[in-house]
Amino acid sequence: MNQLVPELHDVLKLTTRQHDISKWSEQEYKDFKEFLPVKTETWKGITQHHLDFGLYPTEPDTFYLCVADSLASTLTRIGEAGSIEYRLNRLWRGPEEEKDVRLKEREDIIRLFRFLQTDPDWQDFCREYEALLRNRPEDLRRGMNITSLYTHCKLTGQFHRILKSSQAFTLSPAEIEGKTQEQVKTLYRIKYAEKWQLIVSRCKFRFLQKPYRVRDLNIFGALQDLMNQISTFYPDNILLQTSDELLLILPEESHVSNISEMAHNAGFWIEVVSSRRALSELKPNPQSMSGAKSENLYNLPPEIFPPICEICQSAKATRHWPQDYILSHVGLCSSCQQLVSLNPLGSVVESLCEADRAQLEDILKEPAPEELCEKCFALRAEGTKLKNLDTWNREGARKVAWVKLTLDFDRLQRTMESLSGGEISFSVIAEFQEDYSNFLKEFTSRIHKEFGRRDVENILSEFFCIRLGSFGEAFKVLEVYYEAMSRFFPVFLKENDSPLTIAIVCAGIKFPFFEVWRILEEAKGDIFISLQGMRTVRAPTTALELLTKAASLGYKKSALHKLTRIEETSKKLAELTFQNRDDKDHATYSRLARNLYPNLDFSSIFTFALLVED
Amino acid sequence: MRFIEFDIYSDALCMGERTKGGLFRPCCRTIRYSQISGALRKKFGVSEIHSAGYLVNGNGNNKTDYLIYSPRERAREASKLPLRMEFLTNVKGKVYVLENDSTTVFPPQFEVFMGAFISRGFGLCRLKRVKLVDSDPPKQGILRTRLPMNNLETFNIRKILKPVYGYLFEPTSPTSGVYVLSLFEGSEVIAPEFLISPIERR
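Criteria and thresholds
- Residues numbered from 1 in each chain as written.
- Chains lettered and ligands numbered in written order.
- Predicted model: local features only at pLDDT ≥ 70, side-chain atom pairs only at ≥ 80, totals over all residues.
- Helix = DSSP H or I, 4+ residues; strand = E, 2+ residues; numbered from the N terminus.
- Contact = placed C-beta atoms within 7 Å.
- Nonpolar A, V, L, I, M, F, W, Y, C, P; charged D, E, K, R; others polar.
- Pairing = 2+ DSSP bridges.
- Domains from an automatic or database assignment.
- Axes fitted to C-alpha atoms, helices over the stretch in contact; angles between N-to-C directions.
- Parallel < 35°, antiparallel > 145°, perpendicular 65-115°, else oblique.
- Left-handed = near helix turned anticlockwise from the far one by under 90°.
- Expected span 1.5 Å × (residues − 1).
- Buried ≥ 20, exposed ≤ 12 C-beta atoms within 10 Å, placed from the backbone.
- Arc of directions from axis to C-beta.
- pLDDT = per-residue confidence, 0-100.

Some words on the overall build of chain B
1) Next: Along the backbone of chain B there are one helix and 17 strands.
2) Next: Referenced to the eigenvectors of the C-alpha coordinate spread, the extents of chain B come out at roughly 55 × 45 × 40 Å.
3) Next: For chain B, the proportion of contacts with a sequence separation of at least 24, taken over those separated by at least 6, is 69%.

Overview of the interface of chain A and chain B
1) Next: Taken together, the contacts link 25 residues of chain A with 19 residues of chain B.
2) Next: Counting only elements with at least two residues in the side of chain A that touches chain B, the list comes to β7 (293-297), β8 (303-304) and α21 (513-522) of chain A.
3) Next: Top contributing element to the side of chain A that touches chain B by residue count: β7(A), with three residues.
4) Next: Looking at the side of chain A that touches chain B residue by residue, the classes come out as 12 nonpolar, four polar and nine charged.
5) Next: Inspection of the sheet shows β8(A) paired to strand β15 (residues 176-183) of chain B by two bridges, in the antiparallel sense. The partner of Glu303(A) across the bridge, within β15(B), is Val180(B).

Side note on the domain arrangement of chain A
1) Next: Under the domain assignment used here, chain A contains domain 1 (6-192), domain 2 (196-297), domain 3 (319-381) and domain 4 (387-552).
2) Next: Contact with domain 2 of chain A, which involves seven residues of that partner, is made by four residues of domain 3 of chain A.

Some details on the packing of helix α6 (residues 149-165) of chain A against helix α19 (residues 426-451) of chain A
Residues and elements named next belong to chain A.
1) Next: At their nearest, the axes of α6 and α19 sit 9 Å apart, and the two run at 115° to each other. The angle between α6 and α19 falls in the class roughly perpendicular. Where α6 crosses over α19, the two elements pack in a sense that is right-handed. For the pair α6 and α19, the contacting residues are Thr 151, His 152 and Leu 155 in the first and Phe 426, Ser 427, Ala 430, Glu 431 and Glu 434 in the second.
2) Next: A breakdown of the residues in the contact of α6 with α19 according to their chemical character gives three nonpolar, three polar and two charged.

Considerations on helix α23 (residues 557-569) of chain A
All names here are of chain A.
1) Next: Over its 13 residues, α23 runs 19 Å from end to end, which matches the ideal 18 Å to within 8%, given 1.5 Å per residue.
2) Next: Regarding α23, the residues found buried are Ala 559, Leu 560, Leu 563 and Glu 567. In a view along the axis of α23, the buried residues occupy a sector of 100°, so they form one face of it. More than 90 degrees from the buried face of α23, the exposed residues found are Ser 558, Arg 565, Glu 568 and Thr 569.

Side note on the confidence of the model for chain B
For residues with low pLDDT, the predicted coordinates do not support detailed interpretation.
1) Next: Taken residue by residue, chain B gives an average pLDDT of 90. The fraction at 70 or more is 95%.
2) Next: As scored by the predictor, the complex reaches a pTM of 0.88 and an ipTM of 0.89.

So, the sheet that holds strand β13 (residues 159-162) of chain B
Residue and element names in this part refer to chain B.
1) Next: If you trace the four strands from one edge of the open sheet to the other, you get β13-β16-β11-β17, paired in antiparallel fashion. Bordering the open sheet on either side are β13 and β17 (196-197), each of which pairs with just one other strand.
2) Next: Where β13 lies against strand β16 (residues 188-191), three bridges are found, and the strand directions are antiparallel. The residue bridging Lys 159 from the neighbouring strand is Ile 190, located in β16.

This is the structure in structure tokens:
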């Protein structure tokens, strides 16, 4: 292979030896000389990726590496550094146990060099040393030890490939070869602070569809496909990804147009915030960069002649459901095929042969024909992929909870800046992505465990539908959320401005999905529970523990019932009853108040009572 | 340009959107241009009426309710599948009408019918004139109504910063019409203050 593997530039940080080989003592050098992987291009990257190293970048590839290393570093923006600490101290987790994991023994270091002599790529190297990379902070100074070496190395590789592959960052060998260290530093300053620019872009994908039937929820499958398509096309450019939002680093504007075209082709519109700045001015949130441009990109015709598609209402309806579906997807016998193609379906049902009538049994149960556009028709014709939801419908399930987790990127930035006391870097965001993905996996597996796989439908990685026996079970979801948060983001549990929020809509299974989606999209509050869209519980994340505890306690059902009935007549009267020390149910109410008030307002407390009572 | 501000009240209003899945007809949560302008044009018999509005929530206003209704196909003497209709009760809102020769003569209080199910007691709206408002100076905010793109100038919408698009039906004759691209509630715009709400940053 013998190509520079940018991710491996910091492997000397895995040892207790100096990161800059030119600072090694003669004896040290002598000890390891014969084992050093000097013939590999990667070795050049290891030894020449810093402007201040004895060996500095002297060719384009190592210069790109030097720039990528800076972009992927924690160093630049965090406040003052303190003494050395060997443990990781992620902002959202708090400090880990102090442990120096670096390779100290000569044999271990030789083994590392020998392995590097085999010229491994990043995946090969991770197979051997991933645990070490993940446990060693990139920077050991207190306050800087907030990201792992693994994240830094991976991110450096991404930046290196972005810089190297784009025409916007050309660097001829003549510009750097044979230059003195000072000349290279000047070149770096010019490129880093002025000439070279990158675009930081946040894209949120949205759909116009108002899904009503289970089959129409295929729009979420299409969203997932779109996200996969973009991540396959831009594997190095994605810094943070949720199920409907991307934070990207892009070298040229044309890539934003390309992403927007992909979205439009898949039937989505896109909310974009972008800013193009010199590398030295880049921040992970384009919203906080100067010159940020915020726009909603659609691709819609100025007018549509009727009929309009009944699902998305943004394209001409050219297909009839279910007639066109039957003709194109169901194999009818030739005479039935002809009958259906020439007459309205409703008028020929009785004339169909028995075999075809049996084939169409489910479709014929559908209430009314609909006019659909090509995209919505294609999505519906795929058939439902949400098998559980479909089964619950058939089994006559009554209650479900729609659960949506949301990561608010602006809040994430604010919270992390307040926790770190400075501006956050790309590496902190990349580190967060690792934990966020693991948090979602943990949440999903715990939800499966708690409710059983058959009673959970995973619609997106952050969006679930759960079959409930009673609405009170919604609090079990909160318990799972609390446990997963405690494991991955314990610091956020104490934050008033938590970037992670949860919204739950408890509803009958027949409650229209697009209404559920509207409620989820408009949900306000860190913890939000809606009961059929009519009543809500809102609470801050700081109250999560108390809320789950309060829900697990037993209450006198008649007292809760009385309270909710009074509230139906008068909210004020319910408040007075709740606070009345002479009321015969005061013991129950004071117990509720102790756990919930003042984190929850009265309206939320009454809804809580209604849910618990169910 | 100036607009006449009206308070609008109704006991029950069904500003229906398109039926979903042949079973459910949701209710619009704002007073769109096509709906109120159409109602006023019909009431006063003039075409030069441009108006839009929105609902004012709070104090138990604009509560959602549902009605199961079985449409009947008279020709076949058969009932269709029952439809679940969403409607609003105790409706309160604001309506803004562009001031021109046709609209200055509007009485201070009047009634119009708007929306669906008028024959079943829905849709009677009382409008009460409040004051004249100037559309200048426009401000940045979130649009509270739905306006066709070709009518944005009429409403002094100076700039669309972040649009939310959809389509409104525009009749072209008593029996036909076309869906025109329109700016929906939630769009970030520079517009007259009375048509927008402040931008909420979480």
